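Inside the fold
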Amino acid sequence: MMNQLAPLDVIAVGAHPDDVEIACGGTLAKLVRQGYRVGIIDLTDGEPTPGSPGPHVRLAEAERAAHTLGVHVRVQLGLSNRRLFDTFEARVALGKELRKYRPKLVLGFGEKTPLASPDHWQAMQITDAAVFYARLTKWDDYFDGLPVHTVSAQLYFTLAFSSLELPTAAGHLVVDIGDTLETKLASIRCYATQFPPAKEYIYRRVEAVALHQGAAAGFPAGELFASPRTLGTRDLLHFLFGQTPADQPQKPDVR
Ligand SMILES: [Zn+2]
């Protein structure tokens, strides 16, 4: 089968529609503004939930949220909410999407969420496996003949307010979302069935976490990620300051 889809730079994987918005919506909106091609994959439709009349309403909310963030693709994978398990079939289903869209970077769950849905932890296992499966040769039968794809980098996110503990990882980093925090909050507001007026405090919590995580890195607001690999750089000043000499106007060196 020919792979006809335009590749994405980044794919964020959530268990339920709204996971990705809460965990890294500001980063996704920022990447879109910076010109990268960004996609979201929801492993399940997130339904049933207490406040939603049904999957069609949740799907419409997810589409509005995707539009708010500006992402290019949102895939609903159709696995079972509340019964999401790290199975071979789930791994292959997500692996196929990674082979189709060929992202350089995958963002996904990095920890358990005790007292909340166990689907999140299963989503982490499925995502880890799918990133690996996407690059395995001599296995094309399972992947509809889609060509193999090596994901170059993977970062873990955390659902904002579950714990003070950071996911165990070789490295942590904060993305500056100072200019997309409002967009992130707007994308979460698209889920009216999940966050009715009685849960208005959610938005203050999300904002508080973003302000806290941003302050830790000297930004107006931020989102925290954990890297399974120690982070390195080939350009120290670019890493520290986000600029290379080519970005700056060259002034003659007059003495
Ligand atoms: Zn969730």
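These numbers were taken from a predicted model, which means no experiment stands behind them.

What follows covers the pairing of strand E1 (residues 10-14). Within E1, 5 of the 5 residues are buried, leaving the element largely enclosed by the surrounding structure. With burial as the criterion, each face of E1 is covered, one bearing Val-10, Ala-12 and Gly-14 and the other bearing Ile-11 and Val-13. Bridge count for E1 against strand E2 (residues 38-44) is 5 bridges, and the pairing is parallel. By the bridge assignment for E2, Ile-11 is matched with Gly-39. Regarding the hand of the β-α-β motif, the stretch spanning E1, helix H1 (residues 19-33) and E2 is right-handed.

This paragraph deals with the pairing of E2. Taking burial as the measure, the 7 residues of E2 include 7 buried ones, the bulk of the element. As judged from the 5 bridges shared by E2 and strand E3 (residues 73-79), these two strands associate in the parallel manner. Note on E3: the bridge partner recorded for Ile-40 is Arg-74. Following the chain from E2 across helix H2 (residues 55-69) to the adjacent parallel E3, one finds a crossover that is right-handed.

Close approach of charged atoms allows side chains of opposite charge to pair. One pass over the structure, following the stated rule, counts 12 salt bridges. Across the pair Asp-42 and Arg-74 runs a salt bridge, and its minimum N-O distance is 2.7 Å. Of this pair, Asp-42 sits in strand E2 while Arg-74 sits in strand E3, and the two are 32 residues apart along the sequence. For Arg-58, the salt bridge identified is with Glu-47, shortest N-O distance 2.8 Å. With Arg-58 in helix H2 and Glu-47 in the loop between E2 and H2, this residue pair connects regions lying 11 residues apart in the sequence. Across the pair, exposure class does not vary: Arg-58 and Glu-47 are buried alike. Each of Asp-18, Glu-47 and Arg-58 takes part in a single network of salt bridges with overlapping partners.

Put simply, the largest pocket is a space of about 1700 Å³. Forming the boundary of the largest pocket are 38 residues, of which Leu-105, Leu-155, Leu-173, Leu-231 and Phe-239 lie nearest the centre. For the lining of the largest pocket, the class distribution of residues is 19 nonpolar, 11 polar and 8 charged. The volume enclosed by the second largest pocket comes to roughly 750 Å³. Lining the second largest pocket are 31 residues, with Asp-18, Ala-116, His-120, Phe-195 and Lys-199 positioned closest to its centre. Elements that contribute at least two residues to the lining of the second largest pocket include exactly H1, helix H4 (119-133) and helix H6 (201-216).

Take the packing of H1 against helix H5 (residues 181-189) next. Close contact between H1 and H5 brings their axes to 8 Å; oriented N to C, the two are set at 125 degrees. By the criterion of interaxial angle, the relationship of H1 to H5 is oblique. Between H1 and H5 lies a crossing of right-handed hand. Between H1 and H5, the contacting residues are Glu-21, Ile-22, Ala-23, Cys-24, Gly-25, Gly-26, Ala-29 and Arg-33 on the first element and Thr-183, Lys-184, Ser-187 and Ile-188 on the second. A breakdown of the residues in the contact of H1 with H5 according to their chemical character gives 5 nonpolar, 4 polar and 3 charged.

Definitions and limits used
- Residues numbered from 1 in each chain as written.
- Predicted model: local features only at pLDDT ≥ 70, side-chain atom pairs only at ≥ 80, totals over all residues.
- Heavy atoms only, no water.
- Buried < 20%, exposed > 50% of the residue type's maximum accessible area, 1.4 Å probe, protein only.
- Helix = DSSP H or I, 4+ residues; strand = E, 2+ residues; numbered from the N terminus.
- Pairing = 2+ DSSP bridges.
- Right-handed = clockwise from strand over helix to strand, strands pointing away.
- Salt bridge = Lys/Arg side-chain N within 4 Å of Asp/Glu carboxyl O.
- 1 Å grid on protein atoms, 1.4 Å probe; cavity = no way out; pocket = protein on both sides within 12 Å on 5 of 7 lines; lining within 4 Å.
- Points joined across faces, edges and corners; volume = space filled by probe spheres on them.
- Nonpolar A, V, L, I, M, F, W, Y, C, P; charged D, E, K, R; others polar.
- Axes fitted to C-alpha atoms, helices over the stretch in contact; angles between N-to-C directions.
- Parallel < 35°, antiparallel > 145°, perpendicular 65-115°, else oblique.
- Left-handed = near helix turned anticlockwise from the far one by under 90°.
- Contact = heavy atoms within 4.5 Å.

It is worth stressing that arrangement in space is one thing and function is another; only the former is reported here.
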